[in-house]
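# Working through the structure, step by step
Here is what each chain is made of, one letter per residue.
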Number of protein chains: 4
Amino acid sequence: MTFSYNKMKEKLHTIIFGTDTPAGKAFDVMLIIAIIGNSLLVIAESVDSIRNAYGLLITALTGFFLIIFTIEYILRLLIVERQKDYVLSFFGIIDLLAILPIYFSFFLPQVRFLVVIRTFRLLRLFSILKMGRYIDESSQLLRALKASKAKISVFLFTMLFIIMLVGSMMYIIEGPENGFVNIPESMYWAVVTVSTVGYGDISPQTPVGKLLSSLLMIVGYGILAVPTGIISHELANTPKGVVKTKICQKCNTEANSQADRFCSNCGSSFGS
Amino acid sequence: MTFSYNKMKEKLHTIIFGTDTPAGKAFDVMLIIAIIGNSLLVIAESVDSIRNAYGLLITALTGFFLIIFTIEYILRLLIVERQKDYVLSFFGIIDLLAILPIYFSFFLPQVRFLVVIRTFRLLRLFSILKMGRYIDESSQLLRALKASKAKISVFLFTMLFIIMLVGSMMYIIEGPENGFVNIPESMYWAVVTVSTVGYGDISPQTPVGKLLSSLLMIVGYGILAVPTGIISHELANTPKGVVKTKICQKCNTEANSQADRFCSNCGSSFGS
Amino acid sequence: MTFSYNKMKEKLHTIIFGTDTPAGKAFDVMLIIAIIGNSLLVIAESVDSIRNAYGLLITALTGFFLIIFTIEYILRLLIVERQKDYVLSFFGIIDLLAILPIYFSFFLPQVRFLVVIRTFRLLRLFSILKMGRYIDESSQLLRALKASKAKISVFLFTMLFIIMLVGSMMYIIEGPENGFVNIPESMYWAVVTVSTVGYGDISPQTPVGKLLSSLLMIVGYGILAVPTGIISHELANTPKGVVKTKICQKCNTEANSQADRFCSNCGSSFGS
Amino acid sequence: MTFSYNKMKEKLHTIIFGTDTPAGKAFDVMLIIAIIGNSLLVIAESVDSIRNAYGLLITALTGFFLIIFTIEYILRLLIVERQKDYVLSFFGIIDLLAILPIYFSFFLPQVRFLVVIRTFRLLRLFSILKMGRYIDESSQLLRALKASKAKISVFLFTMLFIIMLVGSMMYIIEGPENGFVNIPESMYWAVVTVSTVGYGDISPQTPVGKLLSSLLMIVGYGILAVPTGIISHELANTPKGVVKTKICQKCNTEANSQADRFCSNCGSSFGS
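Rules of the game
- Residues numbered from 1 in each chain as written.
- Chains lettered and ligands numbered in written order.
- Predicted model: local features only at pLDDT ≥ 70, side-chain atom pairs only at ≥ 80, totals over all residues.
- Heavy atoms only, no water.
- UniProt positions renumbered as here; feature names shortened; annotations may be inferred.
- Helix = DSSP H or I, 4+ residues; strand = E, 2+ residues; numbered from the N terminus.
- Buried < 20%, exposed > 50% of the residue type's maximum accessible area, 1.4 Å probe, protein only.
- Contact = heavy atoms within 4.5 Å.
- Areas by Shrake-Rupley, 256 points an atom, 1.4 Å probe, with all protein chains shown as cover.
- Least-squares fit on C-alpha atoms with pLDDT ≥ 70 in both.
- Arc of directions from axis to C-beta.
- Domains from an automatic or database assignment.
- Buried area = accessible area lost by both parts, 1.4 Å probe.
- Salt bridge = Lys/Arg side-chain N within 4 Å of Asp/Glu carboxyl O.
- Core = buried A, V, L, I, M, F, W, Y, C linked by side-chain atoms within 4.5 Å.
- Axes fitted to C-alpha atoms, helices over the stretch in contact; angles between N-to-C directions.
- Parallel < 35°, antiparallel > 145°, perpendicular 65-115°, else oblique.
- Left-handed = near helix turned anticlockwise from the far one by under 90°.
- Nonpolar A, V, L, I, M, F, W, Y, C, P; charged D, E, K, R; others polar.
- Expected span 1.5 Å × (residues − 1).
- Polar contact = N/O pair within 3.5 Å; in protein donor to acceptor, adjacent residues only side chain to side chain.

Under the annotation held in an unreviewed UniProt entry, chain A carries the name Ion transport protein and is attributed to Alkaliphilus metalliredigens. The UniProt entry for chain A carries this comment under Subcellular location (unreviewed entry): "Membrane".

From N to C terminus, chain A includes twelve helices and zero strands. Going residue by residue from the N terminus, the α and β elements of chain A occur as α-α-α-α-α-α-α-α-α-α-α-α. Counting all 272 residues of chain A, 46% fall into the buried class. Contacts in chain A between residues at least 24 apart in sequence constitute 55% of all its contacts with a sequence separation of at least 6. As presented, chain A carries roughly 13,800 Å² of accessible surface, and 69% of it is formed by carbon and sulfur atoms.

Residue and element names in this part refer to chain A. Here, the residues flagged by UniProt with the feature "transmembrane region" (unreviewed entry) are residues 26-47, 53-75, 87-107, 152-173 and 211-231. With 95% helix and 0% strand, residues 26-47 has its two end C-alpha atoms placed 32 Å apart. With 86% helix and 0% strand, residues 87-107 has its two end C-alpha atoms placed 24 Å apart.

What follows covers the relation of the copies chain A and chain B. After a rotation of 90° and a shift along the axis of 0.0 Å, chain A superposes on chain B with an RMSD of 0.1 Å. The transformation just described matches what one would write down for a four-fold rotation axis. A share of only 18% of interface residues in chain A that are also interface residues in chain B marks the association as one of differing surfaces.

Our next topic: helix α5 (residues 90-97) of chain B. Looking only at α5(B), the buried set comprises B:Gly92, B:Ile94 and B:Asp95. Along the axis of α5(B), the buried residues cluster in a sector spanning 160°; they form a single face.

With that settled, consider the domain arrangement of chain A. Considered domain by domain, chain A is made up of domain 1 (2-130) and domain 2 (150-224). For domain 1 of chain A and domain 2 of chain A, the distance between their C-alpha centres works out to 42 Å.

Turning next to unusual backbone geometry. For residues other than glycine, phi is negative in most cases, and the peptide bonds are mostly trans. Its identity is not glycine, yet C:Thr196 carries a phi of approximately 60°, on the positive side. With relative accessibility at 5%, the residue C:Thr196 sits in the buried group.

With that out of the way, let us pick up the interface of chain A and chain B. Contacts between chain A and chain B engage 45 residues on the former and 40 residues on the latter. Summed over both partners, the interface of chain A with chain B comes to about 3,700 Å²; 76% of that surface belongs to carbon and sulfur atoms. Across the contact surface, chain A and chain B share one salt bridge. The shortest N-O distance in the salt bridge between A:Glu185 and B:Lys210 comes to 2.3 Å.

Okay, the nonpolar core next. Core analysis: the largest hydrophobic core is formed by 215 residues, its most contacted members being A:Trp189, B:Trp189, C:Trp189 and D:Trp189. Contacts of D:Trp189, omitting those with residues within four sequence positions, involve C:Tyr199, D:Val166, D:Met170, D:Phe180, D:Ile202, D:Ser203, D:Pro204, D:Ser213 and D:Leu216.

Moving on, we come to the packing of helix α3 (residues 48-79) of chain A against helix α6 (residues 100-107) of chain A. Residues and elements named next belong to chain A. One can describe the packing of α3 onto α6 by two numbers: an axis separation of 10 Å at closest approach and a directional angle of 135°. By the angle between their axes, α3 is oblique relative to α6. The interaxial crossing formed by α3 with α6 has left-handed handedness. Between α3, through Thr62, Leu66 and Thr70, and α6, the contact on the second element is made entirely by Ile102, Tyr103 and Phe106. Its residues assigned to classes, the contact of α3 with α6 comprises four nonpolar, two polar and no charged.

A separate point is helix α10 (residues 183-194) of chain B. Residue and element names in this part refer to chain B. For α10, which comprises twelve residues, the first-to-last C-alpha distance of 16 Å matches the rise-based estimate of 16 Å (1.5 Å per residue) to within 8%. Most of α10 is tucked away: eleven of the twelve residues are buried. When α10 is considered as a whole, its buried residues turn out to be Ile183, Glu185, Ser186, Met187, Tyr188, Trp189, Ala190, Val191, Val192, Thr193 and Val194. With a side-chain oxygen lying 2.9 Å from the backbone nitrogen of Glu185, the N-terminal cap of α10 falls on Asn182. Positive phi appears at Thr196, one or two residues downstream of α10, with a value of about 60°.

As structure tokens, this is what we get:
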């Protein structure tokens, strides 16, 4: 009995976490469909006309996905080694958030908006698809972003400073009568402007304010070049990944490039 | 009779599909003029004042282009080897869409708006001009785009996820009373914001909404750097074209351009 | 007499066209000040409150600059070899446009707006400053732009096509009742959207229109990466300029790079 | 007495200007907290509802930061060698501006808005954090910007010219009745448009104005590629930092990173 239970557990593990077997693939595809369907349902439910016309169908499908995700959650709970680790892990919480709010909404209809949290489940797609063909590209992007972390920090800090400064100045120059009611509002305007979004809900009215805004726009425009240049430069310098790494057999240090002939940490030869 | 028909067919083929003979060139130029003229006609017709003033001229020109494109379509039908393949091909459908709606509109004036489909014919320009001097550049761009397909997919998926997430959150935070009437509407707002378009038809009103929007803008602003960096990086790594390189037979140095007649390294002739 | 006239002509030539002598430099600086002052005057004159307060000063300064530019024009006419060539040249016309409209406005006050054409004179700044330290950078930029001409053409053509297509479709989808009164107006909206400007004077109202707009925005957003990548790539491949060109003494062909040892056109050695 | 004073002065110098000692680090961290807290206070004070609710707390905290910054200013004055140089230096003025306006505002409540100048103190953060880990990245960015100064000047000048020209033309085309009340206003619109911000407070109404705007947008869109390309290109050519490279003394190969302990080419040790 225990033996066959363990065997079943192992089999389930292959299906749920693996991607190589047909059953594992089928499970992934079905989960992707369920997650996307669930999200589309949340979207559809928010539209008055759809909710009024297909209210019953939406409730039925919500129940259906609820059952699927509940079963999935229980299965995951059963097969993982350390239940506590899974429950407290990022995806454990995400998986729980996909089902809990619906149970709540059955008893407390007024917190119905909590249901939107279900869309967080889309994050699972990253975890599922990461095991696919995108991992290489995705990780190259991530590494390029990580490598330029310091540069991007300096850039973000400078931008925050400019936003704070220009926001304060515009609050003084334009004042509450022109929509710049306080500094946070002014800073919001500065972000809207420097990011070139420009809603136009708040816009400068005085000549001095317009001049300062113009400067901010040109700066914001030019400053966009900086992160682009950084990423572009970093991508060019980031190795493609995965298949290309040589690892030192002595000290396990990764070679900096394929062309390296000796380990840069312990000096032992990589062989041919 | 059959012989001369085949000969004529062959000649027509050279004119319609070829670009090297003077007749082929003239046909291309005339077709380009007709396509652009036809599109300008569709544009002009949509303007009330022009339609009222030059209604007759527009009808006459529409008929004129209709005849030209009908003849062209019949000719293409006659000279291609497999009629069915052409009719069902992309350009076969485009060519048919350029004439069919007009015939419809003569009998069913109320579906007149179908006529706009005629502008799809502009796509033919790609097919005609592709045979010109732009093919090399165009295909280099296409190859760069193709090479970065996976990266761009990851990027688009991430953006879609952000749009969905922020859209849902803004629907909860701002609610229908501030213009975020449902999640699709909120997602539309998120696209308008993250792409830095910022119409201002919907904009956040609550402090929390403004804070979240500001974050989205800065992220959207920074995230623009990613596709730019990708394309830029990919372009740098994409070879210019297929036929491109001459190599010196003596010293193996690559010629700097096709126009070089002597090796810039050792001075030996490249031959004719 | 003739001799001294020629000598004076030569001297004037050095002053007006040269930049190396102190007098030539002083002339350039004065001309730059006059051109900028003249443009600021045009700007100031357009502001009602300034015109009302300082009307007389503005008229006086306008007259002053008119005299200066008239003298300059006559001097240029006198010292150039072929008067006709200068008058019909680009800068000849620009120089004339800087003075003619003012003379007109004295007799025909109602065409006063012609006076704005005077600002075209700012273009002279390019011609003056080009002879300064910016020539290298400027020409490198120009060469990079020229080198990517074909790619940019393909890009612009694709964008025009997208604008035309989406404009027509939005005209059908949204219609005149939502502000898309005709196709040119729709195309204007498409440009405003794809360039991420987003005034919000026209914006989609129907769900289908909003969906199509969202697609256009994401495309427009991504497509921005293309010209950036092209320029960035081209700049990296464009040699810095000026000092770096070797020219073949036999056939006058420019070397492709400093590293070339033989002329790539005629095969003769560049020497050491 | 003098001796112990000098010793204390030296000690204070280590604390205030140094970052290596625990006391120096603690001072920096406290100063950063005070500066950020002070700025948040200015922001909070500008919001009516917060000022009404926590008026007393804000006054108290303002006084608290005032005392801290006054003590800091006096300490800096005491320990620097040349008092006059510090007082007239950039940061000397910034430090003074952080305290002076508050003293003023106690006597002249109507100039209360001067208090906003206190946020300028955020600039100190640059000076403090520059001594941290960001210096390398920051200076690389600065050097890349400096290296492309000439190119960016040409770019900015061209943009200013386009803004001036298009602004003037739109003033003539659209005129005061469509919101283009004078040339400065038109130029403000041109900046808003070319930087793709697009508030929509002023937008073209006439067909000719819309056509010209469309051209400006496409140009502005394309022109954004130029500074991005420049920065990107410059970053690629800027060496990472000053102390950066270890070179193998045997084979002259550069180490891939500072952390390498053995040459990756010949395997010889880099020494300690």
